[in-house]
Every structure is written in structure tokens, then in C-alpha cells.
Amino acid sequence: MSLLSPPQIPLFRITLFYGPEAVEGASGSVRCVFNVKKRSWKGGIQVEVVMKKNQIARLEGILQHSSWLEAVLKGVPVEDQGGYREKSHDLLVQLLCFHKLHAFIHKGIKQENIQVSGDALIAETDEVVEREAEEIKRQIFIELDLVETEEGPQSL
């Protein structure tokens, strides 16, 4: 008899559909759209997650994203750093939206397309982002295809 238990299968499969992009008519907000499929549902839904730019900026400061990124990019050629900064910001916003989506799912989600507004779940999102700060940075680092060397981070 095996003492190992099978891996837990997640209840939801979440895929980024697109984003971040500006919200039409709301210059202070951006959105990411996710496809969400619960195992028991016949089909998936689309969830538009809106984040206000001031919340993104505040969380970016809490995560010390800019100073962390500058340290990470020290081994990257100067002419390539601008592209990495832009991609890093997009990845950060996607991850913030992803964590806001998770907070929304924990509140209860129905099988219908929906928008999570920029005013919703602010405290819940802040809390989970602060708790997951190192994991967020790790995911951005991996997505940027950077590797850590003895001399410092290098691009692949």
C-alpha cells in the first residue's frame, strides 16, 4: 500500500485570454480577461478583471518591483533593458489580476461571464499580493527567461 496520496486536482482551470489593456472610457484602469473552467461545468466562462492604476502603483511599491527589477536586470545589456521593463510590468499586472480573480473565486463564482470591477476586492487583493510577494517576483523572473549566475542575473 502506497503512503503517497495522488496530487490534488485544482477545481478551476484558469487561462489568461488577454491583457493587460486599458479599459475603454476609464483611463485610470486596466483589465485582464481570463477563461475560467470549473471541472463540473460543461463549458468555461470569461472573467474580466479590472484593476485601478493607483492600486497597481501602490502594490508595485509594496513589492518594491522597480528596485527589484533593476537589480535583476544588472546583467542584461542596457539596450535590452527597456523591453524587459515593459514585459515585467505587463507580467506584474497579469499576476495582480490573477490574484484578484482568485479572491473573487473564493467569494463564490457562477457559471456566467462577469466583470470584477476596479472597486471590488481591494483589501483581499492587497492581502494576497503581500503574502505572495516572493512568488510573484519568482514568476516574473521565470517568465522573463532570466537565469541567476554567480556574477548576477543574466538573460538567456
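Residues numbered from 1 in each chain as written. Predicted model: local features only at pLDDT ≥ 70, side-chain atom pairs only at ≥ 80, totals over all residues. Heavy atoms only, no water.

K.L.:
Go over the pairing of strand β3 (residues 45-52) with me, naming the residues and quoting the values.
P.N.:
Most of β3 sits out of view: 6 of its 8 residues are buried. Summarising the sheet, strand β2 (residues 26-38) and β3 pair through 8 bridges and their orientation is antiparallel. Note that in β3 the partner of S29 across the bridge is K52. Between β2 and β3, which pair antiparallel in sequence order, lie 6 residues. Pairing between β3 and strand β4 (residues 114-116): 3 bridges, direction parallel. Among the inter-strand pairings, V47 is bridged to a residue of β4, identified as I114. (Buried < 20%, exposed > 50% of the residue type's maximum accessible area, 1.4 Å probe, protein only. Helix = DSSP H or I, 4+ residues; strand = E, 2+ residues; numbered from the N terminus. Pairing = 2+ DSSP bridges.)

K.L.:
Account for the packing of helix α3 (residues 78-107) against helix α5 (residues 133-143), naming residues and giving values.
P.N.:
Where α3 meets α5, the closest approach of the two axes is 10 Å, and the angle between their N-to-C directions is 135°. Overall, the two elements α3 and α5 adopt an arrangement that is oblique. Between α3 and α5 the crossing geometry is right-handed. Residues S88, L91, L92, L95 and H99 of α3 lie in contact with α5, whose contacting residues are I136, Q139, I140 and E143. (Axes fitted to C-alpha atoms, helices over the stretch in contact; angles between N-to-C directions. Parallel < 35°, antiparallel > 145°, perpendicular 65-115°, else oblique. Left-handed = near helix turned anticlockwise from the far one by under 90°. Contact = heavy atoms within 4.5 Å.)

K.L.:
Which residues make up the pattern of salt bridges, and what are the values?
P.N.:
In this structure the tally under the stated criterion is 10 salt bridges. A salt bridge links E124 to K107; the shortest N-O distance between them is 3.5 Å. Here the residue E124 occupies a position in helix α4 (residues 122-131), and K107 occupies one in helix α3, the gap between them amounting to 17 residues. Relative accessible area serves as the criterion here: at 31%, E124 is assigned to the partly exposed category. (Salt bridge = Lys/Arg side-chain N within 4 Å of Asp/Glu carboxyl O.)

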